[in-house]
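Topology and contacts: notes
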Amino acid sequence: MSDASTRELMAQRFRGYLPVVVDIETGGFNAATDALLEVAAVPLTMDEQGNLLPLETLSFHVVPFAGANVEQSALDFTGIDLDSPFRQQIAVSEKEALDGLFKPIRKTIKSHGCTRAILVGHNAAFDHGFLNAAIQRCGIKRNPFHPFSSFDTATLSALAYGQTVLARACQAAGIDFDNAEAHSASYDTERTAALFCAIVNRFKDLGGWHLAMREQGFEDI
């Protein structure tokens, strides 16, 4: 299969959307008031057999926006130390983090013939809400993501494996999961990306994607 055909398949597979897996660690549950502390994203690509694969991980530690609320219980849960010298050295503003994510995501959208990105997340509404709140705070006009649609791996893994917890869904899918590494945005994003790819590729291998694509006239798959 040529690069052009692979590019066309990705564009057709999700109605012109490029799946980008996102995980966000926060200072609480309220996207309007609570700090965004870590963000990571993994854009996906497609091989010549039509299988989804993860690209490089993009990740940032983020300085809480002015006036942001940070609950101690959230820090205890994530293990984030706001006073860590390492974190203080590398953390960036929300605007810098979003710009650092969106530039390569836009490039990947274009290279795959897609129109925009669609967020993939485990309990995606949470991550999508915090992402949209940060975009609004930063006044970003060119959001590469669909503003409200998303793919939720908690729902998909319940369908595919009968599990909704990320660690258990990964175990059911045969994906390694280290609980000691969990709740780091980059680690959770990479595990979620592996899970989403496993579900989509399994569905393809079972014939579902092939049948649907053939019905739409793609006889060469």
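For the structure itself, consult the block above.
The text that follows walks through the structure, step by step, so that each part is easy to find. (Residues numbered from 1 in each chain as written. Predicted model: local features only at pLDDT ≥ 70, side-chain atom pairs only at ≥ 80, totals over all residues. Heavy atoms only, no water.)

Notes on the overall build of the chain
Scanning the chain for helices and strands turns up 9 helices and 6 strands. Scaling as 2.2 N^0.38, a compact globule of 221 residues should have a C-alpha radius of gyration of about 17 Å, and the chain matches this with 18 Å. Summarising its shape, the C-alpha atoms of the chain cover approximately 55 × 35 × 25 Å along the three principal directions. Taking all contacts inside the chain whose residues are at least 6 apart in sequence as the whole, residues at least 24 apart take part in 70%. (Helix = DSSP H or I, 4+ residues; strand = E, 2+ residues; numbered from the N terminus. Rg over C-alpha atoms; globule rule 2.2 N^0.38 Å. Contact = heavy atoms within 4.5 Å.)

What about the packing of aromatic side chains?
One pass over the full model with this rule turns up 7 aromatic pairs. Between the aromatic rings of F14 and F151, the centroid separation amounts to 5.6 Å while the plane-to-plane angle is 50°, which identifies the pairing as tilted. With a gap of 137 residues between them, F14 in the loop between helix 1 (3-13) and strand 1 (17-26) and F151 in strand 6 (residues 145-152) connect regions that are remote in the sequence. According to the relative accessible area criterion, F151 is partly exposed, its value standing at 23%. (Phe/Tyr/Trp six-rings, centres within 6.5 Å; stacked < 30°, edge-to-face > 60°. Buried < 20%, exposed > 50% of the residue type's maximum accessible area, 1.4 Å probe, protein only.)

Describing helix 6 (residues 153-161)
Where helix 6 is concerned, the buried positions are T153, A154, S157 and Y161. Along the axis of helix 6, the buried positions cluster into a sector of 100°, meaning they face one direction only. Exposed residues on helix 6 whose side chains face more than 90 degrees from its buried face are T155 and L159. Next to the buried residues of helix 6 lie strand 5 (116-121), strand 6, helix 7 (166-172) and helix 8 (185-205). By the N-cap criterion, in which a side-chain oxygen at the helix start approaches the backbone nitrogen of a residue two or three places on, helix 6 is capped by D152, the distance to A154 being 3.2 Å. G162 sits one or two positions beyond helix 6 and adopts a positive phi of about 75°. (Arc of directions from axis to C-beta. Polar contact = N/O pair within 3.5 Å; in protein donor to acceptor, adjacent residues only side chain to side chain.)

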